[in-house]
Structures are given as structure tokens and as C-alpha cells.
Amino acid sequence: MDWLSPSSHPHSTLSQLGRTNHLTEFVPRMNNSTSTTSNSGFSCNSYAPMTPSVMFHSMPKKFDDQENIPKESVAPSPAHSSSPISHDKQMCSTNGTVVLPAYQENVGGTTYFYQYSTPPENNGETIPPEPVMSTATPASNEYVPFPGKSESSFFMSEELRNDILNRNLLSLLQPDPSQYPDLPQEVDSYHELYPLEPISNQVNILNVLHKAHLGYQASMYKATHIKNGVHYCLRRIHGFRLQNTKFISLVDLWKKLDHSNIVQLREVFTTKAFGDNSMVFVYSYHPGSETLLNKHFSIDQPGYHDPFSNDKSTPMPYSYQKTNLLRHQQNNKLPEPLIWNYIIQLTSALRVIHSNALACRSLDPTKIILTSKNRLRLSCLAVMDVVLHDSNSSLNHLALIHHYQQEDLTALGKLVLALACKSTVAVQRDNISTALDIVSRTYTIDLRNLIMYLLTNQRRSVTDLMPMIGARFYTQLDNLHSHVETLESEMCKEVQNGRLFRLMTKLAAINERPDFNMESTWSETGDRYMLKLFRDYVFHQVTEEGQPWIDMAHIVQCLNKLDVGAPEKICLMSRDEQSILVVSYAELRHCLDQSFQELSNSSVLQHELSVEDKI
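Cut-offs used in this document
Residues numbered from 1 in each chain as written. Predicted model: local features only at pLDDT ≥ 70, side-chain atom pairs only at ≥ 80, totals over all residues. Heavy atoms only, no water. 1 Å grid on protein atoms, 1.4 Å probe; cavity = no way out; pocket = protein on both sides within 12 Å on 5 of 7 lines; lining within 4 Å. Points joined across faces, edges and corners; volume = space filled by probe spheres on them. Helix = DSSP H or I, 4+ residues; strand = E, 2+ residues; numbered from the N terminus. Nonpolar A, V, L, I, M, F, W, Y, C, P; charged D, E, K, R; others polar. pLDDT = per-residue confidence, 0-100. Contact = heavy atoms within 4.5 Å. Pairing = 2+ DSSP bridges. Axes fitted to C-alpha atoms, helices over the stretch in contact; angles between N-to-C directions. Salt bridge = Lys/Arg side-chain N within 4 Å of Asp/Glu carboxyl O. Buried < 20%, exposed > 50% of the residue type's maximum accessible area, 1.4 Å probe, protein only.

Student: Please clarify how the layout of surface pockets should be interpreted in this entry.
Tutor: Rolling a probe over the atoms, with the probe sized like a water molecule, indicates the empty space that remains. Quantified by volume, the second largest pocket comes out at close to 1000 Å³. If you go around the second largest pocket, you meet 35 residues; those closest to its centre are Ser372, Lys373, Asn374, Leu480 and His483. When contributions to the lining of the second largest pocket are tallied by element, the ones reaching two or more residues are helix H3 (158-171), helix H8 (336-355), strand E16 (375-378) and helix H14 (472-494). The leading source of residues in the lining of the second largest pocket is H14, at 12 residues. Partitioned by chemical class, the residues of the lining of the second largest pocket number 12 nonpolar, 15 polar and eight charged.

Here you go:
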């Protein structure tokens with residue numbers, strides 16, 4: 001570390017600067033050279049690199065005779081960080097013009113590139129070199145600084161950030177006690193219950209669909225585990241009284257099933273916390289998801305509950321049903337690649353379920369959820385096995401598993417048909433032929449053949465669908481890889497932020513501390529004073545006009561060098577410009593560690609946490 005005083009003679013100041021490893025970072029190199037001239041101008045071989053002694057003699061001239069220095073040689077930018085670099089060779093043009101090597105200067109984290117050219121000799125006099133920008137610049141005399149990287153280069157995109165924040169917000173929602181007075185505070189090992197769907201005693205569409213499949217009313221809640229703080233989804237079966245425990249083996253099989261298109265089952269238990277005998281299924285929680293029914297089907301669509309729009313006792317003509325379906329499908333048509341995307345994900349989930357001697361038995365739009373980027377997941381798994389197995393314990397589940405798997409494929413065909421027609425009415429028995437005719441007119445023959453295969457009564461297998469999907473599988477695979485690469489690139493922007501945050505936390509804990517160990521000037525003396533000047537060097541840069549100079553690239557670069565303790569030296573100046581320090585990042589890193597260790601040794605948490613754990 002070298003200390004400089006402004007009262008020193010310029011020669012002594014520069015001689016001390018000459019002992020630093022990075023001399024050119026603080027002293028701009030002048031364009032005076034010891035090369036000789038001839039009648040034909042500069043010689044291409046007469047240029048010699050400028051030595052430190054030449055630079056030291058040129059600097060006093062700068063203090064004594066300012067008008068001899070070209071004004072263009074100094075860019076209007078903040079001080080303390082200029083680092084001109086010259087090459088060892090000189091470039092000559094074919095017309096006799098001598099072009100000196102590129103001149104590089106780093107100011108405030110921004111790098112400027114200049115190039116000096118000298119025209120041929122004119123009337124026996126050499127015209128002084130004029131700086132020329134290496135790239136196209138405006139005609140004005142002022143240099144235009146390179147803007148550097150934008151904030152989007154250091155942080156993830158706003159779209160992804162808002163999506164993550166929205167999910168975190170949904171995970172932290174708390175219920176209003178006045179709105180849900182009967183909601184229990186704790187259910188088994190879970191608390192902070194929050195309803196994920198309206199709780200009402202009135203019969204609504206969702207309750208009708210649940211009763212049609214389960215025979216019991218069902219509701220869902222978001223809950224937090226007491227021990228690990230992880231959020232889960234609780235599906236409650238109302239008024240369910242357990243008769244036997246033979247279904248435990250099936251539950252164990254479902255709990256082991258882990259797939260990207262399946263909502264994993266965690267555990268199953270009974271409880272009386274809701275005031276009745278309820279069965280609770282615990283699943284992984286995916287905030288921000290919505291059902292396939294809410295995403296692609298309109299609840300107010302004509303004929304949603306019934307194929308007849310007005311009078312239930314009077315059937316509508318066949319032509320009316322066909323026209324109604326065709327009009328609704330044309331106005332709300334789904335892209336065929338999206339339908340194939342759903343097919344690939346659904347068949348992938350069914351393949352894993354069937355290969356484990358299980359059956360979904362709940363493949364309908366109310367039990368399929370969508371997350372970001374059209375990601376499908378099958379939910380409400382194992383509920384049908386537990387409820388129906390308990391109501392009729394004499395049935396042999398293993399003997400009927402193949403029958404249930406065939407029902408899964410039929411349900412898949414109806415689901416794809418409903419998506420293609422954008423209507424749940426299309427899967428009704430009287431409308432299937434009409435719906436298939438609409439699919440033939442609108443989509444490719446491959447989609448129609450797949451639906452026809454799934455709706456037939458012959459014995460089918462989910463693996464037989466792979467040839468029908470064909471090369472569309474590669475399209476889906478490519479889209480997934482592209483999405484993963486996008487997420488990885490966004491994550492790379494944030495991967496270093498935690499390390500820099502810890503570093504800034506240490507600096508903030510040391511700088512401007514009003515008192516420590518009964519010493520009010522602790523943060524203004526010794527190592528802490530250098531850290532204060534470094535803070536000003538990083539965050540408080542200003543231009544020659546005194547305007548704030550905020551450069552994200554400069555801040556990130558300085559913090560990274562401080563974190564690794566780079567041997568590079570920088571020039572720090574006090575606010576009153578009466579003290580100048582030339583220190584390296586390694587020395588600053590040592591000062592930071594020593595000062596923060598002193599703070600942590602006196603911290604009240606020292607006996608519980610280590611220094612790194614606290615940060």
C-alpha cells in the first residue's frame with residue numbers, strides 16, 4: 001500500500017506511482033514519443049514504445065503547460081479509473097499516413113477505444129496527430145461513451161420474475177377468519193389451511209362433477225407442514241368413514257410414483273378436525289395452476305350440463321346439435337400442435353401408471369391441472385381406488401386393473417375429442433359421430449385416427465399410441481429443451497447475486513457504523529477508512545460536471561475483484577481530495593475480513609452461528 005500526499009512534488013508522486021503493478025491505470029499515457037521524423041514523415045520502424053521515464057517527464061509538462069495537451073485526449077468521464085494501453089507496433093497505411101496503435105482507456109467501468117492517425121508531411125511541417133474513434137462516431141467533438149450492459153444482463157427477465165413472485169404470493173396466502181370461521185387451525189401435521197376453491201353448501205358444477213366420480217363431496221386446501229414448512233395440497237373427502245385398511249398397499253404404490261406429469265401423492269390420513277369423519281389426501285402443491293376445464297372449456301357454453309339447450313324433455317334436432325358444435329369449435333379452435341402436446345404428456349403419465357399395475361380412473365378436465373408453459377399434471381390420483389375399494393371390499397383390485405386401464409384409454413379418447421371440438425358436449429354418446437366429423441374437417445387424419453383407436457372396444461395399450469404420435473414427439477422434446485435452456489440462461493444471471501449480496505452485507509455492516517465498543521470513530525479509522533473510500537469508489541462515481549455516474553458493469557466488476565482478492569491496484573481518493581491511497585483488491589479483502597471478524601466476535605449470535613452462517 002502506498003500513501004500519496006497532494007503537497008508532494010509531482011516527480012515524487014509519479015515515482016511512487018511507478019512502483020505499482022498497474023501503473024497505466026492511474027496515469028494516462030501521453031502521445032509524445034522519441035521517434036524521429038524524415039522528409040517522408042514518420043517511419044514505420046522508428047516507433048518505440050513509451051517507457052515509464054518518458055511518461056514521468058511528460059506529466060510535469062501537463063501541470064505547467066496545459067494548452068500544449070490536446071483537449072481530445074481526455075474524455076469527459078469520471079476519474080480514478082483510466083487505464084490507457086498502447087501496442088508495441090505501429091500501423092502504416094499505403095498512402096503514407098501513419099496510424100498509431102489503438103488507444104484504450106477504462107473510465108468508470110466503461111472502456112473507450114481511440115486511434116490516432118497522422119497525415120503525410122505538409123510543407124515540411126508535421127501536423128499533430130488527431131484522435132480518431134475506432135468506430136463510427138458523430139461529427140461532434142465530444143465522445144459518446146459505450147452504454148455497457150443493461151440491467152437485464154444481470155437480472156432475470158421481468159416475465160419470469162413476476163411468475164415466480166406470483167407463485168410465492170399464492171403460497172403465502174392466509175385465510176380470513178371472518179370469512180371461514182369453521183376452518184380448523186390445525187389438521188394432523190398441517191396448519192395455515194387456505195381454501196383453493198369456494199366452500200359452499202350449495203350444489204355447484206364442481207360438486208356435481210366430484211359427486212359423479214367419487215360419490216362424496218370434495219374440497220381442496222393449501223396447507224403448510226408444521227415441521228419442514230413445505231406447502232402441500234390437501235384434498236378432503238367429506239363425510240367418509242373408513243371401513244377397512246386393505247387399500248394401504250395401493251396407497252404405498254401411488255406414493256412411490258414420481259413423474260413430471262403427475263401430482264405426487266405424499267400421504268393419506270383420516271381426521272375429525274373438520275367436525276366430521278373426513279379422509280385427507282396430501283399432494284404436492286403447484287401454485288398458480290388451473291384445471292383443464294377452466295382453461296379450455298366455457299362453463300356457460302350452451303348444452304354444458306345437458307345436450308338440450310332449453311327443454312330437457314324435448315330433444316333438439318340433429319342438425320341443431322351439429323351446427324352448434326361446429327360454430328363453437330370454429331370460434332374457439334385449439335391449435336393442433338397444442339393438442340398433440342397434451343396427448344404426449346397424458347400418454348407419458350398413463351404409461352408410467354399402467355406399467356406399475358395401477359390405473360388413473362380420474363382422467364377428466366376437472367382432475368387435470370396446467371402450470372406454466374402448458375405443462376399438464378394428473379391430480380386426484382388414488383382417491384377412486386381408496387373410496388371405491390372401501391365401499392366394496394369384495395372386489396379384487398388386481399383382477400380388475402386391466403379393465404380400469406382400458407377405461408383410462410377410453411377416457412383419454414373422449415378428452416382429446418372434447419379438446420378438438422372445444423366442447424364437453426361432444427363426448428356425449430349422441431354427439432360422438434358429429435364430433436368426429438368435425439375433427440375430420442378441421443384437423444389432420446392422424447388426430448382422427450388416434451381418437452377412433454381410443455374409442456374402439458378392442459383391447460388397447462398406451463404403447464400402441466407411439467407410432468401414431470410419430471415425429472411430433474421430437475417437436476415436444478425440442479420445445480422442452482429450449483425451455484430448459486431459457487431457464488438456465490436466466491438462472492445464470494442470478495447465480496452470483498447471492499455471493500455479491502453477502503459481500504455488500506459485510507460492507508454495509510462496517511461502513512458508517514456510528515459506534516462500536518464505545519468508539520465513535522471506529523468506522524472512520526484504520527482498515528475501515530479504506531473500506532469507506534472503496535465504497536465511494538464503487539458506488540459514488542461522478543462525472544467532471546459532478547453528475548452521478550451509475551454503471552452496473554463497474555459495480556459488479558469491482559465487487560467481483562474484491563471477493564476474489566485480485567492483485568490489481570486502484571486509486572482511492574478522499575472526499576476532500578486531501579488523501580490518495582493506492583491499494584490492491586487483496587489488501588481491501590483483508591481489511592474487510594478483519595473488520596467483519598471484529599464485528600462478528602462481539603455479536604450476540606456468535607455462540608450460535610458462524611460468520612458465514614450469519615451472512
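Student: What am I meant to see in the confidence of the model for the protein chain here?
Tutor: Interpretation of this model should avoid reading the predicted coordinates in detail wherever pLDDT is low. Of the residues in the protein chain, 64% have a pLDDT of 70 or more, and the chain-wide mean is 74. Contacts from residues 1-97, a stretch scored under 50 in pLDDT, to residues over four places away or in other chains number 168 contacts. The low-confidence segment residues 302-320, where pLDDT is below 50, has 28 contacts with residues more than four positions distant or belonging to other chains.

Student: Hey, could you run me through the sheet that holds strand E14 (residues 290-291) in this one?
Tutor: Adjacent strands of a sheet pair through backbone hydrogen bonds, lying either parallel or antiparallel. With antiparallel pairing, three strands are arranged side by side in an open sheet as E14-E15-E16. Here the strands that pair on one side only, and so sit at the sheet edges, are E14 and E16. Taken together, the two bridges between E14 and strand E15 (residues 368-371) define a ladder with antiparallel strand orientation. Paired with Thr291 across the two strands is Ile369, which belongs to E15. Its contacts with the sheet place H8 against E15 and E16, and it is angled at close to 30° to E16.

Student: What exactly am I supposed to notice about the pattern of salt bridges here?
Tutor: For side chains of opposite charge, pairing can occur when their charged atoms come near one another. All chains considered together, the criterion is met by 17 salt bridges. With a closest N to O distance of 3.7 Å, Asp364 and Lys367 form a salt bridge. Exposure remark for Asp364: the relative accessible area of 10% places this residue in the buried category. The salt bridge involving Glu512 is made with Arg535; its shortest N-O contact spans 2.7 Å. Within this pair, whereas Glu512 is found in the loop between helix H15 (497-510) and helix H16 (526-539), its partner Arg535 is found in helix H16, the two being separated by 23 residues in sequence. Overall, the relative accessible area of 41% leaves Glu512 in the partly exposed class.

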